[in-house]
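Chain by chain, the residues run as shown.
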Amino acid sequence: MKALEDLLKVEDLRTYFFTEAGVVKAVDGISLDVRKGESHGLVGESGSGKSVTALSVMRIVPKPGKIVGGKISFDGTDLLTLKEDDMRRVRGSKIAMVFQDPISSLDPLYTVGKQLIEAIRANNETVSKEQARDMAISLLSNVEISEPERRFNQYPHELSGGMKQRIAIARALARTPTLLFADEPTTNLDVTIQAQVLNLMKDLKKNFNMTLVLITHDMGIIAEMTSRVTVVYAGQVSESAETHTLFYHPTHPYTEALLKAVPRLDKRKQLQSVGGNIPNLIDPPTGCRFHPRCPYAIQICKEKVPDYEEVETDHFVACHRWKELSLVGVQ
Amino acid sequence: MSQLTEEQTAPPKRVHRQRSATQWAVAWRRFKRNKSGVAGLAIVIAFVVFAIFGPLFAPYPPRSTESLLQGQAGQPPSWKHPFGTEINGIDVFSDSIWGARNDLWIGVAATAIATLIGLAVGALAGYSRGVIGGILLGIIQFFFVIPTLLLILLFSRVFQVLVYQGFGVNLIVLILGLFGWPGISFVIRGEIFRVRELEFIQAEKALGAGNLRILFRHIVPNVLTPVIVLASLLVAGNILTEVVLFFLGFGPANVATWGELIEEGVQYVSVYPWVALFPGLLVVTLVLGFNLLGDGLADALNPRLRE
Amino acid sequence: MIPVFIGVTLFTFLIGNAAGNPINLIRLAFKGTLPQNVYLQLVAYYHIGENPLIRYLYYLWDLIHFDLGLSITSQRPVASEIGPWVWTTLYLQLSALALALLIGIPIAIYSARHQHSKSDTTITGIAIFGYSTPTFWLGIIFIYIFSFYLRVLPSSGAVSAITPWWGNWTLDRIAHLILPMTVLTYVQLATIIRLLRGNLLEVLKQDYILAAMASGLKERAVIYGHALRNAITPIITIIGLSLGASLAGAPGLETAFSWPGLGYEFTQAALALDIPTVLGITVIISVMVLVANLATDLVYGFLDPRVRVS
């Protein structure tokens, strides 16, 4: 397969939250490269720093969070050194994002139409209100919403969860971005609706010629939707590979644990039992952050931070013992 | 011990907060981190100590006009009279100390009465659907509509003229208590509605748990949080009301309160400004203390407001 | 609404009859010596001798016809006295409220966006002083400084009796308004900042704020268009409800400035045991509060589509 060129390259990103209780190192050295046109999965438990990575790329990390280090380049531009005004022009037009909870990601006080028009006309006032209206209605049909004219005038609370998420997707697509972050886009939806929304995203990705970064904790969705995966644990990358490779030849014990937690028979279910708890990110474990929960941990895991090593082309892992362990993937 | 196990096996619901001993400890730890809340607590404790022991050291008895005879009326602050004296020779410092005792008593006792009534009415209104619940809600709303502060003034005046003058500050305690409960009962009613709809309470009901058991094991602990916060804020409100009431001349005669001193000070503010100044500063400090305490408690006890 | 109205009128009727009938209360104001002609007038007016239910119905009938009886101190109809008092109170309260909103909204936004910063701590500190201070006491301090010491502003009333301040009757009204309005603004500011800051902190955490930022909107548009609107909508209710309360809520402040509004006049009437005036003010305020609540509900329904009646 011909190597695709990088669209987004994140290097050693650090985003900390300066809370009263202490500094929460939500993202503590995450690196990521997303290639033009691919569907890239970003997987890990909640609180592992997946969403904060996306917010950092868009530079909309809410207070008291702050990007304290790293480099983010997008299509050759260094995003972290852009002026706020220029960065704002990137948001929505080049990079867009769909949020996890459709209930809270739409403003309850405005109609669907108003919110779509607002997104269409952001930094783009040459579009007249009438044009924006037509564009909004066609966006609604793009995301397969029936009776778009009627939905246009409705408020979020009058719509179902699946419908709201479609509208949130439509808003993200308003200015045909090159890169779309989808942060757990189906987690809060019913199972049947989940499948519909995922299919819709597949189609839209093709039709809009987008690159997709899908953030999820669900290995089933990763298998179905993505071609490459980056696994994050406690604010750091533990493994990254092509999806197929990751599923059949995992080299990180955390990946193995995630795969074990996936129910068989192609049924999707929430990730459950990776034993133990997500570590405290104010005072993270020494050495490899996964060692307290790792069944293979030895002394060195507690003492030394593992290097991020290349297993083979396009396959990286941060584990002291990857060479000696033979981990079980999907059979 | 069996109760403990039951509590542990209760399904963990995010919105429902079981108040076990450890959770009080957590709340206390969180409260301690809140500097302004701790400052409020310190102010309140200082005033309580001051109100209990201060009178032992008060230079004059309450309302004493002794200084008048010594030609010391209307004196500015000095070593002998740290807060000065007013026109009748009353030592403002001395009466401020006695006033601390009376003001705290009014604030706390009236709040205690209001909280008890509020709890009872709120619980009844939250528990009874239908006619009784409707009537109680109507009564609570009625209190939100009438001009409570004005009626407190009127009742104090009419009672003293028509019925009896000798109750002293306890008349104010009673009236403030009788008018202070609707806010508390409204919140309790809402909280009971919220808690009793929670799934596991429904489940317990289905398993045949009695109303009383549910009330004491689940609803009381949940309702306690807002009640503690509201009570703290109500003490602040009651002290402010007391001050206005005395300032406007509706207080019982011959009791030493900060409001009474301020009233006397205001009449001669152009000549003896210190008479209104010092008791006023005490009022601001104590009320501030209770408000800070209430806010701090609200922050510490309500995890929903914090990350 | 109607049950509460009946409750309120029943309540004032019962207070009026607390001593058996209103005349017994009115007698107190005359220190026991009620002239015979006045007595006979009152017997006729209050329908003494009828049973209490009939008397209550007469009371309601009079109320609906805006007849609140005669003031004892002024011997004029209470209803015609109350009108100017309502206006004087509203004029002070509303100007203070408008000013407080104007100043308070930007401050609250600043404070919420810089949570835990030094300026945020200072702002919340000043705010908490605002609602811990008796308004009238602050008023007295202002009077002492600006009227007695600096002699730059009038200390009492809403308007001068003979010569206007600053040489003109409009400026004279403004001169009288400044001190009480400033005190009241400070107190209302404290409440607005406290509530709005709290709501904003909640709203700013919502995904729709992030989503709006992510669509490339200007931060200003996100803050004013989305965050502020969501944070202030519930406060409209509180302002509406407290507007009712503030009709009566400032007897201390009004008395400190001898501001001839409802609170001050109520206080005077209650001290003089002018029962018809006292009960008249009570009923009028209650009815105005009821109307304000109703209006608040309507405005709220307009602002928040979720509570719109289907």
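What counts as what
- Residues numbered from 1 in each chain as written.
- Chains lettered and ligands numbered in written order.
- Predicted model: local features only at pLDDT ≥ 70, side-chain atom pairs only at ≥ 80, totals over all residues.
- Helix = DSSP H or I, 4+ residues; strand = E, 2+ residues; numbered from the N terminus.
- Buried ≥ 20, exposed ≤ 12 C-beta atoms within 10 Å, placed from the backbone.
- Contact = placed C-beta atoms within 7 Å.
- Pairing = 2+ DSSP bridges.
- Nonpolar A, V, L, I, M, F, W, Y, C, P; charged D, E, K, R; others polar.
- pLDDT = per-residue confidence, 0-100.
- Axes fitted to C-alpha atoms, helices over the stretch in contact; angles between N-to-C directions.
- Parallel < 35°, antiparallel > 145°, perpendicular 65-115°, else oblique.

### Focus on the overall build of chain C
Counting secondary structure elements, chain C contains 13 helices and 0 strands. Order of helices (α) and strands (β) in chain C, N terminus to C terminus: α-α-α-α-α-α-α-α-α-α-α-α-α. The buried share of chain C, reckoned over its 310 residues, is 44%. A separation threshold of at least 6 residues defines the contact pool for chain C, and within that pool the share at least 24 residues apart is 69%.

### What about the overall build of chain B?
Looking only at helices and strands, chain B has 13 helices and 0 strands in total. Helices (α) and strands (β) of chain B occur, in sequence order from the N terminus, as α-α-α-α-α-α-α-α-α-α-α-α-α. For chain B, the proportion of its 307 residues judged to be buried stands at 45%. Looking at chain B alone, contacts between residues at least 24 apart form 73% of all its contacts between residues at least 6 apart.

### Brief notes about the pairing of strand β3 (residues 39–43) of chain A
Residue and element names in this part refer to chain A. In terms of burial, β3 is a largely internal element, 5 of the 5 residues being buried. Direction of pairing for β3 relative to strand β8 (residues 211–216): parallel, over a ladder of 5 bridges. Residue pairing across strands places S39 opposite L212, the latter belonging to β8. Pairing of β3 with strand β9 (residues 228–233) involves 4 bridges; the strand directions are parallel. From the neighbouring strand, H40 faces β9, where its bridge partner is R228.

### Let's talk about the interface of chain A and chain C
Reports of interface size often rely on the accessible area that becomes lost once the parts have come together. Facing 28 residues of chain A, the contacting portion of chain C comprises 21 residues. Breaking the side of chain A that touches chain C down by element, the ones donating at least two residues are α2 (84–90), β6 (95–98), α3 (102–105), α4 (112–121) and α7 (161–172) of chain A. Taken together, the residues of the side of chain A that touches chain C sort by class into 14 nonpolar, 6 polar and 8 charged.

### A short note on the interface of chain B and chain C
The interface of chain B with chain C comprises 34 residues on the first partner and 34 residues on the second. For the side of chain B that touches chain C, the elements supplying multiple residues, two or more each, are α6 (130–145), α7 (148–162), α11 (211–247), α12 (258–267) and α13 (274–301) of chain B. A class-by-class count of the residues in the side of chain B that touches chain C yields 27 nonpolar, 6 polar and 1 charged.

### Some details on the pairing of strand β11 (residues 309–312) of chain A
Residue and element names in this part refer to chain A. Note: β11 against strand β12 (residues 315–317), 3 bridges, orientation antiparallel. Within the sheet, the bridge partner assigned to E309 lies in β12 and is V317. Connecting β11 to the antiparallel partner β12 that follows it, the hairpin turn spans 2 residues, and D314 within it adopts a positive phi of roughly 65°.

### Details of the environment of Q165 of chain A
Residue and element names in this part refer to chain A. Relative to the helices and strands, Q165 is located in helix α7. Of the residues examined, Q165 has 31 C-beta atoms within 10 Å and is grouped as buried. Each C-alpha atom of the pair Q165 and Q100 lies 8.7 Å from the other, and the pair is 65 residues apart in sequence.

### Re the confidence of the model for chain B
All names here are of chain B. Counting all residues, the mean pLDDT for chain B is 79, and 87% of those residues have values of 70 or more. At the low end of the mean pLDDT range in chain B sits helix α1 (residues 2–9), at 34; at the high end sits helix α8 (residues 169–180), at 90. Counting interchain partners and residues more than four positions distant, the pLDDT-below-50 stretch residues 1–18 has 14 contacts.

### A word on the packing of helix α1 (residues 2–16) of chain C against helix α13 (residues 275–303) of chain C
Residues and elements named next belong to chain C. Running from N to C, α1 and α13 point in directions that differ by 170°, and their axes come no closer than 10 Å. Between α1 and α13, the angle is such that the two are roughly antiparallel. Contacts from V4, F5, V8, T9, T12, I15 and G16 in α1 reach I275, L279, T282, V283, S286 and L290 in α13. Here the residues of the contact of α1 with α13 sort into 8 nonpolar, 5 polar and no charged.

### Thoughts on the environment of L14 of chain C
Here L14 of chain C shows up in helix α1. Along the backbone, L14 of chain C and P52 of chain C are 38 residues apart, and their C-alpha atoms lie at a distance of 9.6 Å.

### Focus on the sheet that holds β8 of chain A
All names here are of chain A. Strand order across the open sheet formed by 8 strands is β6-β7-β8-β3-β9-β10-β12-β11, with mixed pairing between neighbours. Across the chains shown, the open sheet's two edge strands, defined by having one partner strand only, are β6 and β11. Averaged over neighbouring strand pairs, the angle between their axes works out to 20° when direction is ignored. Pairing of β9 with strand β10 (residues 236–242), which is carried by 6 bridges, proceeds in the antiparallel orientation. Of the residues in β10, the one forming a bridge with T230 is S240. Of the strands in this sheet, β3, β6, β7 (179–183), β8 and β9 touch helix α1 (residues 50–57), which is tilted by about 145° from β8. α7 contacts β6 and β7 of the sheet and is inclined by roughly 175° relative to β6.

### Observations regarding the sheet that holds strand β1 (residues 6–19) of chain A
All names here are of chain A. The strand order across the open sheet formed by 4 strands is β2-β1-β4-β5, and the pairing between neighbours is antiparallel. Each having just a single partner strand, β2 (22–35) and β5 (77–78) make up the two edges of the open sheet. Strand direction decides the pairing type here: β1 and β2, joined by 10 bridges, are antiparallel. Bridging from a neighbouring strand, L8 pairs with V34 of β2. Docked against the sheet, α1 engages β1, β2 and β4 (65–74), running at close to 110° with respect to β1.

### Describing α4 of chain A
All names here are of chain A. For α4, a buried count of 9 out of 10 residues is recorded, marking the element as mostly surrounded by other parts of the structure. Buried within α4 we find V112, G113, Q115, L116, I117, E118, A119, I120 and R121. Close packing links the buried residues of α4 with α5 (129–142), α6 (148–152) and α7. Positive backbone phi, approximately 55°, marks N123, located one or two places after α4.

### Some words on the confidence of the model for chain C
Residues and elements named next belong to chain C. For chain C, mean pLDDT is 85; residues scoring 70 or higher make up 97% of the total. Confidence, expressed as mean pLDDT per element, reaches its minimum in chain C at helix α2 (residues 22–29) with 76 and its maximum at helix α9 (residues 207–214) with 92. Among the prediction metrics, the complex's ipTM stands at 0.87, with pTM recorded as 0.83.

### Some thoughts on the packing of helix α5 (residues 78–113) of chain C against helix α12 (residues 262–271) of chain C
Residue and element names in this part refer to chain C. Axis separation between α5 and α12 bottoms out at 8 Å; the angle between their running directions is 130°. Judged by the inter-axis angle, α5 sits oblique to α12. Together, W85, V86 and T89 of α5 and L262, G263 and E265 of α12 make up the contact between the two elements.

### Digging into the environment of R228 of chain A
Residues and elements named next belong to chain A. Mapping R228 onto the fold places it in strand β9. Using a count of 22 C-beta atoms within 10 Å as the deciding quantity, one classes R228 as buried. Remark: the alpha-carbon pair of R228 and E45, spanning 183 residues in sequence, is separated by 18 Å. Residues within four places of R228 in sequence aside, it is in contact with E38, H40, E242 and T243.

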